[in-house]
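Okay, here's what each chain looks like letter by letter:
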Amino acid sequence: MTQALFERLARHRPGTPEHNRARAALIELNIPLVRYVARRFHNRNEPMEDIVQVGTIGLINAIDRFDHNRGVQFPTFAMPTIVGEIRRYFRDNVRTVHVPRRLHEMWAQVSGATEDLTVLHGRNPTTAEIAERLRVPEEEVLACLEAGRAYRPTSLEAVTERDDGMPGLVDRLGYEDPELDGVERRELVRHLLVQLPEREQRILLLRYYGNLTQSQISAELGVSQMHVSRLLSRSFARLRAANAIES
């Protein structure tokens, strides 16, 4: 049937009613091939009908380029075009997580080897079996499998079926750090301190970070306790003035 339709297609010029009818019949006849290819991408979290629609574009391109006189079966010719169109769709329109190009290109090889080994053994192959088939390190296969699943990040608020009514991931991650409120204040103090003379900075550090008394500071610096008190008062006045300007 397909061969007869291609012969009919070849007898008419593109754009004529006869050519359009033969072309439409070929598309409809080969939609099952598109669906067969689309099922290989069922784990990509995209609606199957969207994948079929993209694959149909590849099918139409294959029909327009196919030469039935070369002795090649049309499904053999069309399948790489359909697969390529679907993969291009995922690469250009779906992936939101960047994956290194090397792993992105290797994904096709890993995917093909997985399918072949599944048919051969009647079960899902192990990572070691895939690596042996492709003659690459097992670590590369693992990295590639992870990359293949990275087409779209999962929302932190998403609730999976296995959660059985549990709150989203965002509600189960971490906790509110009570020290967060002090971050800005500490940064402001640090910013203001560096504007003071070096001696006043040292006195403040000894008083409030070293927990020394004014008398201990005076002994440390070799100045009177009264002088330490005056320097502290002057430092506070400068810090308040600088803070008012910053605000």
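Predicted model only: the values in this text are computed from it and were never measured.

Undergrad: Can you explain the overall build of the protein chain? Please cite residues and give values.
TA: Helix and strand counts for the protein chain come out as eleven helices and zero strands. Walking the protein chain from its N terminus toward its C terminus, one meets helices and strands in the order α-α-α-α-α-α-α-α-α-α-α. The proportion of buried residues among the 247 residues of the protein chain is 31%. In the protein chain, 55% of the contacts between residues at least 6 apart in sequence involve partners at least 24 apart. Accessible area of the protein chain: about 16,800 Å², with a carbon and sulfur share of 51%.

Undergrad: A description of the UniProt feature "domain: RNA polymerase sigma-70" (unreviewed entry) in the protein chain should follow, citing residues and the corresponding values.
TA: The positions UniProt marks with the feature "domain: RNA polymerase sigma-70" (unreviewed entry) are residues 50-63. Annotation note: span residues 50-63, helix share 100%, strand share 0%, distance between end C-alpha atoms 20 Å.

Undergrad: Report on helix α3 (residues 48-65), specifying residues and quantitative values.
TA: The terminal C-alpha atoms of α3, which comprises 18 residues, lie 26 Å apart, in line with the 26 Å expected from a rise of 1.5 Å per residue. Of all the residues in α3, the buried ones are I51, V52, V54, G55, T56, G58, L59, A62 and I63.

Undergrad: Lay out the nonpolar core with the relevant residues and their values.
TA: With 25 residues, the main nonpolar core has F6, F41, L59, I63, F74, I82 and I86 as its most contacted residues. If sequence neighbours within four positions are ignored, I82 has contacts with L33, V34, V37, G55, G58 and L59.

Undergrad: Got a sec to walk through the packing of aromatic side chains? Specific residues and values, please.
TA: Per the stated rule, a full pass over the model turns up five aromatic pairs. Plain terms: the ring middles of F66 and F77 are 5.4 Å apart, the flat faces sit at 55 degrees to each other, and that makes the pair tilted. In this pair, F66 sits in the loop between α3 and α4 (74-94) while F77 sits in helix α4, placing the two residues eleven residues apart along the sequence. A relative accessible area of 11% places F66 in the buried class.

Conventions adopted
- Residues numbered from 1 in each chain as written.
- Predicted model: local features only at pLDDT ≥ 70, side-chain atom pairs only at ≥ 80, totals over all residues.
- Heavy atoms only, no water.
- Helix = DSSP H or I, 4+ residues; strand = E, 2+ residues; numbered from the N terminus.
- Buried < 20%, exposed > 50% of the residue type's maximum accessible area, 1.4 Å probe, protein only.
- Contact = heavy atoms within 4.5 Å.
- Areas by Shrake-Rupley, 256 points an atom, 1.4 Å probe, with all protein chains shown as cover.
- UniProt positions renumbered as here; feature names shortened; annotations may be inferred.
- Expected span 1.5 Å × (residues − 1).
- Core = buried A, V, L, I, M, F, W, Y, C linked by side-chain atoms within 4.5 Å.
- Phe/Tyr/Trp six-rings, centres within 6.5 Å; stacked < 30°, edge-to-face > 60°.

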